[in-house]
Amino acid sequence: VRGAPAQYAIGLDLGGTKIAAGVVAPDGRVVAGAVVPTPVAGGVEAVLDALAGVARQVADAAGVALSEVVGVGLATPGPMDPEAGVVTFAPNLGWRDVPAARLLSERLPWPCTLGNDADAAALGEATFGAGRGARLLLYLTVSTGIGGGIVLGGQLVTGAHGAAAEFGHQVIDPAGPRCRCGRQGCLEALASGPATARRAADRLRAGEASFLTELAGGDPAQVTAVMVGEAADRGDLLATEVLAETTRYLGIGVANLVTLFDPDRVVIGGGLANLGERLLGPVRDLVRREVLPPANRVEILPVALGKSSGLVGAACLAWTASAGGR
Ligand SMILES: [Zn+2]
């Protein structure tokens, strides 16, 4: 993607509930965008039809000629073989070994490239967002899970098997809660949205007083990380403590990554990044304090592309592929 891409690319960000699509201009602008539901119940064919349909829809809306679109990038969650264009396993979609790139290419007049959604977002931020100009960018998405991406000199680093940057599955506390990957005390099991909500809910169930009880309508099971942030904003002690634990765990995780990689920039996105400085401030402080110089000078920033980072990044996958990346 380095240098100016000559043509438009279409980005598709496929999630378990919705598909975000957009025609992206060479300067990173989303010229036309659309969001449609993911017809998961219809199976693989229905989802591929929906992807192709929304790609054509945004191309029409943008008024670009077929020949002006260089290709389509498809970002999906979970393990995959990007070079083969195969989604290995996507539990949200019920997919196993789906050759998504080929199936989508058969439905469209453009070549299609597959990539991991966190990798795509990392590439989008590196190319057009908060990672612009960075030599080595680490991207973390902190939401229901914790994922990541590594971009070195404008190129994704995906590892020997395409499985690099699983930042959420580094163990922070070997005695910590069980992670969905099977290990104990992964960053994801400690600092994700559900992990944060769970720790708050446990304390409510134990009888502690908190404004969270009111926010959750009296049911601890309804507590969300957003509520924890809101209660902390209002000075609630329990919420403040729970959030401090989350930022401490996340800070340790980011400090480990900075120690390993010495990046010049770390960009943090995902639902929890909406907490802004309440999340980023303590992470930044911990890294400054605990990581050895000069690596601790790293810049730690929120995403700049917001919800579009996935689809802009998916478009970047298409540009990379057309430039001979794969
Ligand atoms: Zn894990």
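Here the structure is shown first, and the text comes after it.
Novice: How should I be thinking about the packing of aromatic side chains in this particular structure?
Specialist: The way to describe two aromatic rings as a pair is by their centre distance and the angle between their planes. Taken as a whole and judged by the stated rule, the model has two aromatic pairs. With centroids separated by 6.1 Å and ring planes inclined at 65 degrees, the aromatic side chains of Phe-128 and Trp-319 adopt a geometry described as edge-to-face. Of this pair, Phe-128 sits in helix α3 (residues 117-128) while Trp-319 sits in helix α10 (residues 309-322), and the two are 191 residues apart along the sequence. For the pair Phe-167 and Phe-261, a centre-to-centre distance of 6.4 Å together with 70 degrees between the ring planes defines the contact as edge-to-face. One end of the pair, Phe-167, is in the loop between β11 (155-156) and α4 (187-191); the other, Phe-261, is in helix α8 (residues 237-261), with 94 residues separating them in the sequence.

Novice: Mind showing me how you'd approach the coordination of the zinc ion here?
Specialist: Around a metal, the perfect tetrahedron of four donors has angles of 109.5 degrees, and the perfect octahedron of six donors has angles of 90 or 180 degrees. Looking at the zinc ion, one finds its protein donor set to be His-169 (ND1), Cys-179 (SG), Cys-181 (SG) and Cys-186 (SG), positioned 2.1 to 2.3 Å from the metal centre. Geometry at the zinc ion is tetrahedral, judged from its four donor atoms and the angles of 102 to 124 degrees they form at the metal. Relative accessible area serves as the criterion here: at 19%, His-169 is assigned to the buried category.

Novice: What's the story with the pairing of strand β4 (residues 69-76) in this structure? I'm lost.
Specialist: The two faces of a sheet get side chains in turn, since along a regular strand they alternate between them. Of all eight residues that make up β4, eight are buried, and the element is covered over most of its length. Across five bridges, strand β1 (residues 8-14) lies against β4 in parallel orientation. Within β4, the position partnered with Ile-10 by the bridge is Val-72. As paired elements, β4 and strand β8 (residues 112-116) share five bridges and run parallel to each other. Bridge pairing links Thr-76 to Asn-116 in β8.

Novice: Could you clarify how one ought to interpret the environment of Thr-38 in this entry?
Specialist: By the element assignment, Thr-38 lies in the loop between β3 (30-37) and α1 (43-62). Sequence separation between Thr-38 and Asp-27 is eleven residues; the distance between their C-alpha atoms is 28 Å. Ignoring any residue separated from it by four or fewer positions in sequence, one finds Thr-38 in contact with Leu-14, Gly-15, Gly-16, Thr-17, Lys-18, Ile-19, Val-47 and Leu-93. A polar contact is formed between the side chain of Thr-38 and the backbone nitrogen of Lys-18, at a distance of 3.1 Å.

The rules behind these values
- Residues numbered from 1 in each chain as written.
- Predicted model: local features only at pLDDT ≥ 70, side-chain atom pairs only at ≥ 80, totals over all residues.
- Heavy atoms only, no water.
- Phe/Tyr/Trp six-rings, centres within 6.5 Å; stacked < 30°, edge-to-face > 60°.
- Helix = DSSP H or I, 4+ residues; strand = E, 2+ residues; numbered from the N terminus.
- Donors = N, O, S within 2.8 Å, 3.2 Å for Na, K, Ca; no water.
- Tetrahedral: all angles 85-135°; square planar, octahedral: opposite > 155°, others 65-115°.
- Buried < 20%, exposed > 50% of the residue type's maximum accessible area, 1.4 Å probe, protein only.
- Pairing = 2+ DSSP bridges.
- Contact = heavy atoms within 4.5 Å.
- Polar contact = N/O pair within 3.5 Å; in protein donor to acceptor, adjacent residues only side chain to side chain.

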